[in-house]
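Survey of secondary and tertiary structure
The primary structure of each chain is shown beneath.
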Amino acid sequence: MIRRALDIMQMMKILERCAEHCRVVAEHAVFMLDGVDIRHGGLLRQQTPSQGNA
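This section reports on the structure supplied with the text. What you see is a predicted model; the values in this text were computed from it and never measured.

1. A few points about the side chain of Glu27
Relative to the helices and strands, Glu27 resides in helix H1 (residues 2-34). Sequence-distant contacts of Glu27, defined by excluding residues within four places in its chain, comprise Ile38 and Arg39.

2. Observations regarding the state of the cysteines
Using the criterion set out here, one finds zero disulfides in the structure. Left without a disulfide partner, Cys18 is nearest to the cysteine sulfur of Cys22, which lies 4.4 Å away. Residue Cys22 is classed as partly exposed on the basis of its relative accessible area, which comes to 47%.

3. Some remarks on a nonpolar patch on the surface
Taken together, the side chains of Ile2, Leu6 and Met9 make up a nonpolar region of the molecular surface, amounting to roughly 350 Å² of accessible area. Its location among the elements puts Ile2 in helix H1. Among the residues examined, Ile2 registers a relative accessible area of 65% and is labelled exposed.

Quick notes on the rules
- Residues numbered from 1 in each chain as written.
- Predicted model: local features only at pLDDT ≥ 70, side-chain atom pairs only at ≥ 80, totals over all residues.
- Heavy atoms only, no water.
- Helix = DSSP H or I, 4+ residues; strand = E, 2+ residues; numbered from the N terminus.
- Contact = heavy atoms within 4.5 Å.
- Disulfide = S-S within 2.5 Å.
- Buried < 20%, exposed > 50% of the residue type's maximum accessible area, 1.4 Å probe, protein only.
- Patch = residues over 30% accessible without salt bridge, like charges linked within 9 Å, V, L, I, M, F, W, Y side chains within 5 Å.
- Areas by Shrake-Rupley, 256 points an atom, 1.4 Å probe, with all protein chains shown as cover.
- Salt bridge = Lys/Arg side-chain N within 4 Å of Asp/Glu carboxyl O.

Next up, the structure:
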């Protein structure tokens, strides 16, 4: 039973790493297609209205 739990934990770790790689590939694709850097909250900064346009 312990062995099965450890195997599941290892699989979850691998899937998490795979998801992280997919996120990085998606960020690169957005940058290549749109020229927008969405890393580190970049998309949120672009969507907020500037203070001078009130």
